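Descriptive analysis of the structure
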Protein chains: 2
Amino acid sequence: MEDVTAYVRDLGQRARQAAREMNRLDPGLKDRALNAMAERIEAEADAILAANREDLDRARDEGLDAALVDRLELTRERVAGMADGLRQVAGLDDPVGAIDGLRTRPSGIQVGKMRVPLGVIGIIYESRPNVTADAAALCLKSGNAAILRGGSEAISSNRAISRIMQTVLEEVGLPAGVVSVIDTPDRAAVGALLGMPEYVDIIIPRGGKGLIERVARDSQVPVIKHLEGNCHTYIDADADLAKSAEVAFNAKTQRYGTCNTMETMLVDAAVAGDFLPDMGRRFQQAGVELRGCERTRELVPHAETASEDDWDTEYLGPTLAVRVVDGLDAAMAHIAEHGSGHTEVICTENYTRARRFLREVDSSSVMVNASSRFADGYEYGLGAEIGISTNKLHVRGPVGLEGLTTQKYVVLGDGQVRS
Amino acid sequence: MEDVTAYVRDLGQRARQAAREMNRLDPGLKDRALNAMAERIEAEADAILAANREDLDRARDEGLDAALVDRLELTRERVAGMADGLRQVAGLDDPVGAIDGLRTRPSGIQVGKMRVPLGVIGIIYESRPNVTADAAALCLKSGNAAILRGGSEAISSNRAISRIMQTVLEEVGLPAGVVSVIDTPDRAAVGALLGMPEYVDIIIPRGGKGLIERVARDSQVPVIKHLEGNCHTYIDADADLAKSAEVAFNAKTQRYGTCNTMETMLVDAAVAGDFLPDMGRRFQQAGVELRGCERTRELVPHAETASEDDWDTEYLGPTLAVRVVDGLDAAMAHIAEHGSGHTEVICTENYTRARRFLREVDSSSVMVNASSRFADGYEYGLGAEIGISTNKLHVRGPVGLEGLTTQKYVVLGDGQVRS
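About the criteria used
- Residues numbered from 1 in each chain as written.
- Chains lettered and ligands numbered in written order.
- Predicted model: local features only at pLDDT ≥ 70, side-chain atom pairs only at ≥ 80, totals over all residues.
- Helix = DSSP H or I, 4+ residues; strand = E, 2+ residues; numbered from the N terminus.
- Rg over C-alpha atoms; globule rule 2.2 N^0.38 Å.
- Axes fitted to C-alpha atoms, helices over the stretch in contact; angles between N-to-C directions.
- Parallel < 35°, antiparallel > 145°, perpendicular 65-115°, else oblique.
- Left-handed = near helix turned anticlockwise from the far one by under 90°.
- Contact = placed C-beta atoms within 7 Å.
- Pairing = 2+ DSSP bridges.
- Nonpolar A, V, L, I, M, F, W, Y, C, P; charged D, E, K, R; others polar.
- Expected span 1.5 Å × (residues − 1).
- Buried ≥ 20, exposed ≤ 12 C-beta atoms within 10 Å, placed from the backbone.
- Arc of directions from axis to C-beta.
- Least-squares fit on C-alpha atoms with pLDDT ≥ 70 in both.
- Domains from an automatic or database assignment.
- Right-handed = clockwise from strand over helix to strand, strands pointing away.

What about the overall build of chain A?
Helix and strand counts for chain A stand at 14 helices and 16 strands. For 419 residues, the compact-globule estimate of 2.2 N^0.38 gives 22 Å, and the C-alpha radius of gyration of chain A, at 24 Å, lies within 12% of that figure. The dimensions of chain A, computed from C-alpha atoms along their principal axes, are 75 × 65 × 35 Å.

This is how it looks when you write it as structure tokens:
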């Protein structure tokens, strides 16, 4: 590749053009393309797996770590999962064109808001090749053009998947520029993608914190980002302790590595003596290491001493910080100081404190008596998610098809003029 | 002022703290404060006018141009208008806390979206001192803290208004940090405000294109911006020509200097011969200078020849570009190439072309058979507007109270855990 920037800009220009054409085409073509892609991915599973083996061999030769190789690996089941994902997105309601709140104004004009695609979406991701199909599907269904930049370690797999998608786009009559995969391992391509706001409307990075911070820092295009999930569960003085124990245990142990996993448990001093000893044993039996404040350690002797850093840490593993606090205000102050604005839970039977927690805690999801693990596009009924946003602007929390759209005003008149 | 950056950062920190406190306080206090501010502004009109005279004298001494002096000037009527504006905002529905779409998921949790303040809003504006009260009112009503930076030429007026607002905040028991006016003419204050994303959630610049471009370029905080209004009206082959003449005439002449004024009129060649000669005379009589393409000039001999630049110009005055085009696709191609994404109008009785225009034109407002002058927060029923956004993300078109808020997910459970 001689000039990476020129190559990426050319993809951008063609994506912009394709996005405009999408507004003119029969919306049914989108679902036909997604279903045809699913079929062809199943039919060409062997070719995809062969390409993936090239990536795996190279990764092992280069000594990449086992977790990364695992994320990179496609199996027959994972390929079938990709096809299922495409069909599932095809089955979702088309968000484009929906008009909200159309009403007649005193002047006689009717005013409403129509949901429309954002335009061109850039997705930057790491090793998992299935993101290529998943992200393309969500962008396509929402009427956008997608420019995908996967990890260089997955380039053979991504090429194989991209080739299939391109073939189908041509077959059904959609513009090729609707889905582009940046086909060079050159890292300069990322910089080029982040530096062309005239062609790209939004960037969504998917991967580790390092990738996301780098993208957010360097981008001239707005970024929908998910930085951290330092999620809290607060056990209130009026909590149902049996219910709370289930909620807290699930929030920590149902899966360790996800962003909606509880990382700190706050317990009101009024119930700490009744709640913490049993709960501490239960976590210990499950292999969860506890790091507690002084008051926690009096009730749970096996807990390590928490340092200030523990309150700010997203462990993404079998470790939990525990702090005894004096009431709701202290709990919310701790969350305001240490939380990452992802998901916070209160366990309580008290109406006023539940209402205050819902209103006052400034996180993308705020819950009463439910496991933080529910903070997820599928569980919320969005159908599928392209990520979780910790932004405050535009879209917050799990991002589904609607988060990939915007609204414009439509005005229907009969010759009205302004006086 | 020794260290402007430290001063502005201190305002930011206090605004952040005040925004948090707002979430805890009785929402009724906001309306009490707005009504009390209105009353006190009326009561202290003499003091405000005296402060304004200081600004006017200084402006004249420094030889500022007449248009700027006019924008700077407060009269007894303008002061009364400020008070009315505050009362009007107090009377709007409180957007905060509304929950949309709460529904029960198969897991048993109820999921909905609650509308919440953005947090801290920075407003950067030029000479008009009434913006100080108007912008503060909209930020306060939507539960946000505001940091206001007015033009240095209006500093005495802004101080007088700010002092009144501070007195009222204290009287009703709202934190002083909810409304801050940056009280230094030092231009470094703007840079400091744009450079503290930890304290400011969004910046709204109000003023000329130069100001807005500078703010957008320098800001580390997301900016809701309004760059240009190069608005089009397209007269379709199936237009009702009498209706269209009224709509087009109003769109150009009802007010020249506004962003939703028509700047280019596109006419289908099929009706140009019937439409343009009369319309050209009518614009001529109204003192509107026409700049036309070759085909326009054959029908309207008094029109000047349009240059390529005319298609890209927001005249903000009694000048109109006119182009004859071959049908809807050519009209939409012209708009895609030259439009600024603000407001576009089609005049037609044809169902399919009206529907296509609504769907395919990518502007913040798209209209059928109505004057583009309707693109306005009051006309759309938003109650009041803080500006018009040509952004695609977060908020697009007229920005009212809702545009100053965001949503978070709320989850109501009864001990549900994820399996």
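The rest of the description comes next.
Some thoughts on the packing of helix α10 (residues 241-253) of chain A against helix α11 (residues 269-285) of chain A
How two helices sit against one another is set out by the angle between their axes and by the gap between those axes. Residue and element names in this part refer to chain A. One way to put it is that α10 packs onto α11 with a least axis distance of 11 Å and a crossing angle of 40°. Regarding the angle of α10 to α11, the classification is oblique. Here α10 runs over α11; the crossing is right-handed. Together, L241, S244, A245, A248, F249 and K252 of α10 and V271, D274, F275, M279, R282 and F283 of α11 make up the contact between the two elements.

Focus on the sheet that holds strand β9 (residues 289-292) of chain B
An order of β1(A)-β2(A)-β16(A)-β13(B)-β12(B)-β7(B)-β8(B)-β11(B)-β9(B)-β10(B) is seen for the 10 strands of this open sheet, with the pairing classed as mixed. Each edge of the sheet is formed by a strand with only one pairing partner; in this case those strands are β1 (99-104) of chain A together with β10 (304-305) of chain B. In this structure, strand β2 (residues 110-117) of chain A lies alongside strand β16 (residues 405-416) of chain A, joined through eight bridges in antiparallel fashion. In the sheet register, A:R115 faces β16(A), and the bridge partner there is A:Q407. In the packing of helix α11 (residues 269-285) of chain B onto the sheet, contacts are made with β7 (231-235), β8 (262-268), β9 and β11 (319-325) of chain B, and the angle to β8(B) comes to roughly 145°.

Some remarks on the interface of chain A and chain B
Note on interface size: it is often stated as the accessible area lost on association of the parts. Facing the 55 residues of chain A at the interface are 55 residues of chain B. Taken together, the residues of the side of chain A that touches chain B sort by class into 21 nonpolar, 19 polar and 15 charged. Sheet analysis places strand β13 (residues 365-370) of chain A next to strand β16 (residues 405-416) of chain B, joined by five bridges and oriented parallel. For A:V366, the partnering residue across the bridge sits in β16(B) and is B:V410.

Digging into helix α5 (residues 76-91) of chain B
Residues and elements named next belong to chain B. Under the 1.5 Å per step criterion, the end-to-end length of α5 is 23 Å for 16 residues, consistent within 8% with the ideal 22 Å. For α5, the full list of buried residues reads V79, M82, L86 and V89. End-on view of α5: buried residues confined to an arc of 85°, all on one side of the axis. For α5, the exposed residues set more than 90 degrees away from the buried face come down to R76, E77 and G91. Residues of α5 that are buried make contact with α2 (28-43), α3 (45-61) and α6 (130-141).

So, the sheet that holds strand β3 (residues 120-125) of chain B
Residue and element names in this part refer to chain B. Reading across the sheet, the four strands line up as β5-β4-β3-β6 and stay open at both edges, with parallel pairing between neighbours. The sheet is open, and its two borders are formed by β5 (179-181) and β6 (202-206), each paired with just one other strand. Neighbouring strand axes in the sheet, compared pairwise and without regard to direction, differ in orientation by 15° on average. Inspection of the sheet shows strand β4 (residues 145-149) paired to β5 by three bridges, in the parallel sense. Looking across to β5, one finds that L148 is bridged to V181.

With respect to the relation of the copies chain A and chain B
At an RMSD of 0.0 Å, chain A and chain B line up after a rotation of 180° and a shift of 0.0 Å along the axis. On the angle and the small slide along the axis, the relation comes out as a two-fold axis. Across chain A, the smallest distance between a C-alpha and the rotation axis is recorded for A:H394, namely 1.8 Å. A share of 100% of the interface residues of chain A reappears at the interface of chain B, consistent with the copies meeting face to face through the same patch.

Points about the domain arrangement of chain A
Domain boundaries in chain A define domain 1 (4-225 + 398-411) and domain 2 (231-374). Measuring from the centre of the C-alpha atoms in domain 1 of chain A to the corresponding centre in domain 2 of chain A gives 36 Å.

Description of unusual backbone geometry
The backbone of A:L316 shows a phi angle near 50°, a positive value even though the residue is not glycine. Position of A:L316 relative to the elements: it lies in the loop between β10 (304-305) and β11 (319-325). A residue is classified by how many C-beta atoms lie within 10 Å of it, and A:L316, with 15 of them, is partly exposed. Located in the positive-phi region is B:H394, a residue other than glycine, with phi close to 70°. Residue position: B:H394 is located in the loop between β14 (387-389) and β15 (397-399). Taking the C-beta count within 10 Å as the criterion, B:H394 has 20 such neighbours and is therefore assigned buried.

Looking at the pairing of strand β12 (residues 343-347) of chain A
Residue and element names in this part refer to chain A. With five of its five residues buried, β12 lies for the most part within the structure. Because side chains alternate across β12, one face comprises the buried residues T343, V345 and C347, and the other comprises E344 and I346, equally buried. For strand β7 (residues 231-235) and β12, the ladder comprises four bridges, and the chain directions are parallel. The residue bridging Y234 from the neighbouring strand is I346, located in β12. Looking at chain direction, β12 and β13 are connected through four bridges and run parallel. Pairing of V345 across the sheet is with M367, part of β13. In this view, the connection linking β12 to its parallel neighbour β13 by way of helix α14 (residues 351-360) has right-handed handedness.

So, the environment of A:H226
Residue and element names in this part refer to chain A. Secondary-structure assignment places H226 in the loop between α9 (209-218) and β7. Note: C-alpha distance between H226 and G397 (171 residues apart in sequence) is 8.9 Å. Every residue in contact with H226, bar those within four places of it in the chain, is listed here: I212, C259, G387, I388, S389 and T390.

Overview of the pairing of strand β3 (residues 120-125) of chain A
Residues and elements named next belong to chain A. Buried residues dominate β3, accounting for six of its six residues. Because side chains alternate across β3, one face comprises the buried residues V120, G122 and I124, and the other comprises I121, I123 and Y125, equally buried. Pairing analysis gives five bridges linking β3 to strand β4 (residues 145-149), with the strands arranged parallel. Residue pairing across strands places I121 opposite A146, the latter belonging to β4.

Points about the environment of A:L412
For A:L412, the position within the fold is in strand β16. Take A:L412: there are 20 C-beta atoms within 10 Å of it, and that puts it in the buried class. A:L412 sits 170 residues away from A:A242 along the chain, and the two C-alpha atoms are 57 Å apart. Leave out the neighbours within four places in its chain, and A:L412 touches A:I109, A:Q110 and B:V368.

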